[in-house]
Each structure stands twice: as structure tokens, then as C-alpha cells.
Amino acid sequence: MIDSYLKSGKLASKIRNDASKMIKDGTLVIDLVEYVESEILKSGAEIAFPCNVSLNEIAAHYTSPADDKTTIKAGDMVKLDLGAMIDGYIADTAVTVIADGNIDENYTQDEINLHEEIVEASAAGLDAAIATARAGIEVSKIGQAVHEAISEYKLNPIFNLTGHSLEQNNLHAGISIPNYDNNDDYILEEGQAIAIEPFATNGKGIVNDAPGHYIFSYMANKPFRMKSTQRVLKHIQHNHKYVPFSGRWITEEFGIRKGNIALKQLSEAMAIYPYAPLREKQDCFVSQKEHTFIIEKEGCTITTL
Ligand code: MN
Ligand code: MN
């Protein structure tokens, strides 16, 4: 088990580092997403969730639809969040990169300075979490450490986003790791796998749903009159029963029109759950950094370093 966590962690870390280098002026988001997903599959691992590439004020849960024309421009705050899975053991890791290029064509020097601080703050939050995480500690203490580190930059964490425990074939296994002291007195145990993911922003630190649905997860079997919708549900049950999947994978398999109709019907009937992209309430920029950890007696092992 530990061995598979270490293997998926090493793989996710390498792909994250390689893909980060593609983040520059003019890169199509779909090229980045497809690079990450194909590298995971090429290595023989499985994709634990669609590669998220969330720009600027979008904190999370954006992945490209089939015909995505979204292009990264110099100075954009790009959050790359990916997951690889070996024997069901997941590595979940994210990094924020300010896209290379003629940044001052798009942003003022003051904005550039602020954006660099926002990126540093989530990294400092994660460092503080790493220094705190060990068996026997309450999860709210990790949240407190994250919040304090981000506050030193006079910035806010995202209060309504959390890290999470991981179990075999289960990305969000029930325990939440907050980004502030939320009084949760759940105590971490040796051997537990968790993902910690501080987000930082100069806004209020709340995210709300933005339009569109690009990532889904399977919920329950339901009967459908429309044959093509039934077929899509069978396909999802067969291929994506445990971890989230991309709408793009469905439209590639069934065509854009049929695929999208099925995704809409399945969502409405609660056979699948549609995740909305999450946008900072004041449209302020958001950074994120994330690693996966195994909790040890005296500290933690970072699998995605
Ligand atoms: Mn993640
Ligand atoms: Mn995560």
C-alpha cells in the first residue's frame, strides 16, 4: 500500500514538474490538460481525476471541454492540479505558476508584485502544514498553521475549500483538512493518507459556483428512456465508478451532442454529480499548492515532493 502511494506520488510529481514548464503565453489549456492525462496513462497508472487547469480568479474544478479554445496569457495565475493512481492509491498534487511571457503587456507592476505574493503565500501555507502534520494532531491545528502563514502576507486562505483524506479508489475519503482553525478536533493517525491544499487570495477567501460543468462523478444507477443516455451511464459505471471523470472523455466517446445531452440528463436525475468551477467571490486571484502525505508518528512523508 505505502509502496503504491510512493510510486503514484513520484509519477504525479514528475508530470507536475514537466507540465509546469508548458505554462506560458499562448499555451492552450487543452494541450496542457491532455499532456498531463496522456503522460499518466502512458506510464501505466490511472487518472485519479481530470487534470484541472484553473486560471486567475477560478480556484479549482475547471478542465477543458472537447472544443476548448481557452489560451493562457503572460502573467496569468495558473493552477495545475493533477491526480495519478496506482492500484487505487492516489497522489493528488497542485502547483501555481505565473505564466511566462511579456507580463507587463497584461498586468501592471503592482499587480505582478501582488500576484507573486499570492503564489508565495499558498506555498508558505503548505510549508506550515508540513511542519505541523503528524500522528496525534488535531486537523484544526493544521488549519491554524496554514491560516497564520497566509495571514503574514496580509492575504486570506480560501475558507470554504479543504484538503482531504485519501483511501483506495477514494479521492475524498471523509476527513477534511481545513485551511483555518475550524475547531475540528479530529485527530490524525499514523499511516493515514491525506492531501493538504492551501489556497491564498487577496479577496475575502470564499468561493462560489461559476457557470458550466466540466468534471463529474458517478452517484447512482437510474433508469433512462433515452437509449444513448443509458449507454453513457453504462460506460460511466464501467469506467468511472470510483473517481471523478471529465465531460470531455464522454463527448470524445459518444460525440459532442449526444454526450452533452446525456451528461445533462444524468446530472438532473442525480445519477452523476456535476462539479461547478469555483470562483473567488470578489473575483480576486487565487493560488493553490498541494501535496499528498502519509502521516507518521513524528511527522509525515510527502509522496508528491
Ligand atoms: Mn488536487
Ligand atoms: Mn485535493
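Criteria and thresholds
Residues numbered from 1 in each chain as written. Chains lettered and ligands numbered in written order. Predicted model: local features only at pLDDT ≥ 70, side-chain atom pairs only at ≥ 80, totals over all residues. Heavy atoms only, no water. Helix = DSSP H or I, 4+ residues; strand = E, 2+ residues; numbered from the N terminus. Rg over C-alpha atoms; globule rule 2.2 N^0.38 Å. Buried < 20%, exposed > 50% of the residue type's maximum accessible area, 1.4 Å probe, protein only. Contact = heavy atoms within 4.5 Å. Areas by Shrake-Rupley, 256 points an atom, 1.4 Å probe, with all protein chains shown as cover. Lys, Arg positive; Asp, Glu negative; His and termini not counted. Charge placed at Lys NZ, Arg CZ, Asp CG, Glu CD. Salt bridge = Lys/Arg side-chain N within 4 Å of Asp/Glu carboxyl O. Core = buried A, V, L, I, M, F, W, Y, C linked by side-chain atoms within 4.5 Å. Domains from an automatic or database assignment. Patch = residues over 30% accessible without salt bridge, like charges linked within 9 Å, V, L, I, M, F, W, Y side chains within 5 Å. Donors = N, O, S within 2.8 Å, 3.2 Å for Na, K, Ca; no water. Expected span 1.5 Å × (residues − 1). Arc of directions from axis to C-beta. Polar contact = N/O pair within 3.5 Å; in protein donor to acceptor, adjacent residues only side chain to side chain. Pairing = 2+ DSSP bridges. Buried area = accessible area lost by both parts, 1.4 Å probe.

Colleague: I would appreciate a short explanation of the overall build of the chain in the present structure.
Modeller: Helix and strand content of the chain: seven helices and 17 strands. Relative to its length of 305 residues, the chain is compact, with a C-alpha radius of gyration of 19 Å against a globular reference of 19 Å. Along the first, second and third principal axes, the C-alpha atoms of the chain reach 55 × 50 × 35 Å. The buried share of the chain, reckoned over its 305 residues, is 54%. Partitioning the intrachain contacts of the chain with sequence separation of at least 6 by distance along the chain shows that 75% fall at a separation of at least 24. Only carbon and sulfur atoms are counted for the fraction: they give 48% of the accessible area of the chain, which is about 13,800 Å². Taking the average place of the 28 positive charges on the side chains of the chain and the average place of its 43 negative ones, the gap between the two points comes to 10 Å.

Colleague: Mind showing me how you'd approach the pattern of salt bridges here?
Modeller: Close approach of charged atoms lets side chains of opposite charge pair. Throughout the structure, instances matching the rule amount to nine salt bridges. Note that Glu 39 is salt-bridged to Lys 42, the shortest N-O span being 2.9 Å. One end of the pair, Glu 39, and the other, Lys 42, are both in helix H2 (residues 29–42), three residues apart, so they sit about a helical turn from each other.

Colleague: I'm lost on the nonpolar core in this one. Help?
Modeller: Side chains of nonpolar character tend, in soluble globular proteins, to be buried together. Counting 42 residues, the largest nonpolar core has Val 53 and Leu 80 as its most contacted members. Residues lining this core come from more than one domain, with at least three contributed by each of domain 1 (2–204 + 283–302) and domain 2 (215–275). If near-sequence neighbours (up to four positions away) are discounted, Leu 80 is found in contact with Arg 16, Ala 19, Ser 20, Ile 23, Leu 32, Val 36, Cys 51, Asn 52, Val 53, Thr 93, Ala 94 and Val 95. By size, the runner-up hydrophobic cluster in this structure holds 28 residues, among which are Ala 74, Val 119, Ile 137 and Ile 150.

Colleague: Honestly, a nonpolar patch on the surface in this entry has me stumped. Any pointers?
Modeller: Among the surface-exposed residues, Met 1, Ile 2 and Leu 6 lie close enough to one another that they form a single nonpolar patch of about 260 Å² accessible area. Inspection of the secondary structure assignment puts Met 1 in the segment before helix H1 (2–20).

Colleague: Where do I start with the coordination of the manganese ion (ligand 2) in this structure?
Modeller: By definition of the ideal shapes, a tetrahedral metal site with four donors has angles of 109.5 degrees and an octahedral site with six donors has angles of 90 or 180 degrees. Listed as protein donors to the manganese ion (ligand 2) are Asp 92 (OD), His 164 (NE2), Glu 197 (OE) and Glu 290 (OE); their distances from the metal cover 2.1 to 2.2 Å. All donors of the manganese ion (ligand 2) belong to a single chain; written as a sequence motif, their spacing is D-x71-H-x32-E-x92-E. Taken as an interatomic distance, the gap from the manganese ion (ligand 2) to the manganese ion (ligand 1) is 3.2 Å; Asp 92 donates to each of them. Placement of Asp 92 in strand E4 (residues 89–98) and of Glu 197 in the loop between strand E8 (193–196) and strand E9 (199–201) is noted, with a sequence separation of 105 residues between them. Classification of Asp 92 as buried rests on a relative accessible area of 3%.

Colleague: Would you mind going over helix H7 (residues 256–268) with me for this structure?
Modeller: Because each turn of an α-helix spans 3.6 residues, side chains separated by three or four positions in sequence point in the same direction. For H7, spanning 13 residues, the distance from its first C-alpha to its last is 18 Å, which sits close to the expected 18 Å at 1.5 Å a residue. Listed as buried for H7 are Gly 259, Ala 262, Leu 263, Leu 266 and Ser 267. For H7, the buried positions fall inside an angular range of 130° around the axis, keeping them on one side. In H7, the exposed residues that point more than 90 degrees away from the buried face are Arg 257, Lys 264 and Glu 268. Positive backbone phi, at 60°, marks Met 270, one or two positions downstream of H7.

Colleague: Teacher, can you tell me more about the side chain of Thr 201 here?
Modeller: Considering the arrangement of structural elements, one finds Thr 201 in strand E9. Given a relative accessible area of 0%, Thr 201 falls into the buried group. Only 3.0 Å separates the side chain of Thr 201 from the backbone nitrogen of Gly 203, close enough to count as a polar contact. Those residues in contact with Thr 201, other than ones at most four positions away along the chain, are Ile 118, Leu 155, Asn 156, Pro 157, Ile 158, Glu 280, Cys 284, Phe 285 and Val 286.

Colleague: Sorry, what's going on with the pairing of E8 here?
Modeller: Two faces make up the sheet, and in a regular strand the side chains alternate between them. Alternating residues of E8 divide into Ala 193 and Ala 195 and Ile 194 and Ile 196, and every residue in both groups is buried. In terms of strand pairing, strand E6 (residues 163–166) meets E8 through three bridges, oriented antiparallel. If you follow Ser 165 over to E8, its bridge partner there is Ile 194. For E8 and strand E16 (residues 291–295), the ladder comprises four bridges, and the chain directions are antiparallel. In the sheet register, Ala 193 faces E16, and the bridge partner there is Ile 294.

Colleague: Please explain the sheet that holds E9 as it appears in this structure.
Modeller: Within a sheet, each strand pairs with its neighbour through backbone hydrogen bonds, oriented either parallel or antiparallel. The antiparallel open sheet is built from three strands, whose spatial order is E5-E9-E15. The sheet is open, and its two edges are formed by strand E5 (156–157) and strand E15 (286–288), each paired on a single side. As paired elements, E9 and E15 share three bridges and run antiparallel to each other. Following the sheet pairing, Thr 201 is matched in E15 by Val 286.

Colleague: What is the right way to read the domain arrangement of the chain from this model?
Modeller: Where interface size is quoted, it is often the accessible area lost as the parts come together. Along its sequence, the chain is carved into domain 1 (2–204 + 283–302) and domain 2 (215–275). With 19 residues of domain 1 at the interface, the matching set in domain 2 holds 12 residues. With both sides pooled, the region where domain 1 packs onto domain 2 buries about 1,100 Å², and carbon together with sulfur makes up 68% of that total. On the domain 1 side of the contact with domain 2, Pro 50, His 61 and Ala 66 bury the most area, a combined 38% of that side's loss. The tally of links between domain 1 and domain 2 comes to one salt bridge.

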